[in-house]
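# Descriptive analysis of the structure
One letter stands for each residue in the lines below.
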Amino acid sequence: MGLSVTVVAPAPGDDVWARLVDIPRWPDWNPACVEAEIEGPLAPGTRVGLHLLHPRGTKFWTRPVLTDVEPRRTLAWTTRAVGLRAATAIRLEPADDGTLVTLESQARGALSFNYRLALPETTLAQIWSGALTGLARSFREEAGE
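My aim in this report is to walk through the structure given alongside it, one point at a time. Residue numbering note: each chain is counted from 1, following its sequence as written. This being a predicted model, a pLDDT of at least 70 is required before a residue's local features are given, and a value of 80 or more before pairs of side-chain atoms are given or counted; all residues contribute to the totals for chains, interfaces and linings. Hydrogen atoms and water are omitted, and side-chain values are computed over all heavy atoms in the structure.

Take empty space enclosed by the protein next. Only protein atoms enter the calculation, which uses a 1 Å grid: trapped sets of points that fit a 1.4 Å probe without letting it out are cavities, open sets showing protein on both sides within 12 Å along at least five of seven lines are pockets, and any residue with an atom within 4 Å of a point is a lining residue. Grid points are joined across faces, edges and corners, and a volume is the space filled by probe spheres set on the points. Applying the stated rule across the entire model yields two cavities of 30 Å³ or more. Counted as a void, the largest cavity has a volume near 60 Å³. Lining the largest cavity we find L20, W26, W29, N30, W77, I90, L103, W128, A131 and L132. Starting at the N terminus, helices and strands are each numbered in turn, a helix being any DSSP run of H or I of at least four residues and a strand any DSSP run of E of at least two. It is helix α3 (residues 121–142) that contributes the most residues to the lining of the largest cavity, three residues altogether. When the residues that make up the lining of the largest cavity are grouped by side-chain class, the tally is nine nonpolar, one polar and no charged. The space that makes up the second largest cavity amounts to roughly 50 Å³. In the scheme used here, Gly and all other residues not listed as nonpolar or charged are polar, with Ala, Val, Leu, Ile, Met, Phe, Trp, Tyr, Cys and Pro taken as nonpolar and Asp, Glu, Lys and Arg as charged.

Here it is, written out as structure tokens:
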């Protein structure tokens, strides 16, 4: 199972990166994020705690580990459970009208079928597109648009 969502954030890459890595403030712009925390430095191996809202209204916790932090380019994490590895990466690229923000998510493993039952592709697409749309919207609102 793989999913890719892309938006253009109307802001320079440095500004988008700064907002993206301020993990405790994700609820300010991500409608699916109730609470977020980072349990150490912004570096591979650091755990992130995310309290998320499923589109059906249920709240759930996930505790992924950062796997790639390349300033102004890539923020990636993996959620692991027995028989499951769900990897997510957000990549930033310059665009004529701001910054191209692409999120890719993929679940693998023997129990990825169970993961797909709880979070089918359409639900994940709704969560991630809402998050990236919220990120882009936060810059438009700041600019008074």
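Moving on from the model shown.
Should DSSP find at least two bridges between two strands, the strands are regarded as paired. Strand order in the open sheet made by the three strands is β2-β3-β4, with antiparallel pairing throughout. Edge positions in the open sheet fall to β2 (33–38) and β4 (59–62), since each of these has one partner strand only. Across the sheet, the axes of successive neighbouring strands diverge by a mean angle of 10 degrees, strand direction being ignored. Where strand β3 (residues 48–53) and β4 come together, four bridges link them in antiparallel fashion. Following the sheet pairing, L50 is matched in β4 by T62. Inter-axis angles, ranging from 0 to 180 degrees, are taken between N-to-C directions of lines fitted to C-alpha atoms, where helices are fitted over the stretch in contact.

By the element assignment, I90 lies in strand β7 (residues 84–95). Relative accessible area serves as the criterion here: at 4%, I90 is assigned to the buried category. Taking the C-alpha atoms as reference, I90 lies 6.8 Å from V101; in sequence the two are eleven residues apart. We call two residues in contact when some of their heavy atoms are within 4.5 Å. What I90 contacts, discounting residues up to four positions off in sequence, is L20, R73, T74, L75, W77, V101, T102 and L103. Working definition: with a 1.4 Å probe on protein chains only, accessible area under 20% of the residue-type maximum means buried, over 50% means exposed, and in between means partly exposed.

With that settled, consider the nonpolar core. Within the largest apolar cluster, 33 residues are counted, with the highest numbers of intra-cluster contacts made by V16, L20, W26, L75, V101 and W128. Sorting elements by how many residues they give to this core places α3 first, with eight residues. In contact with L75, not counting residues within four places along its chain, are W17, L20, W26, L42, L66, D68, V69, T88, A89 and I90. Throughout, nonpolar core names a set of buried Ala, Val, Leu, Ile, Met, Phe, Trp, Tyr and Cys residues whose side chains join them through atoms within 4.5 Å.

A few words on unusual backbone geometry. Not every positive phi belongs to a glycine, and R72 is a case in point at roughly 65 degrees. Here R72 is to be found in the loop between β5 (65–70) and β6 (74–81). When its relative accessible area of 46% is taken as the criterion, R72 is described as partly exposed.

Keep in mind that these numbers describe shape and distance, not what the molecule does.
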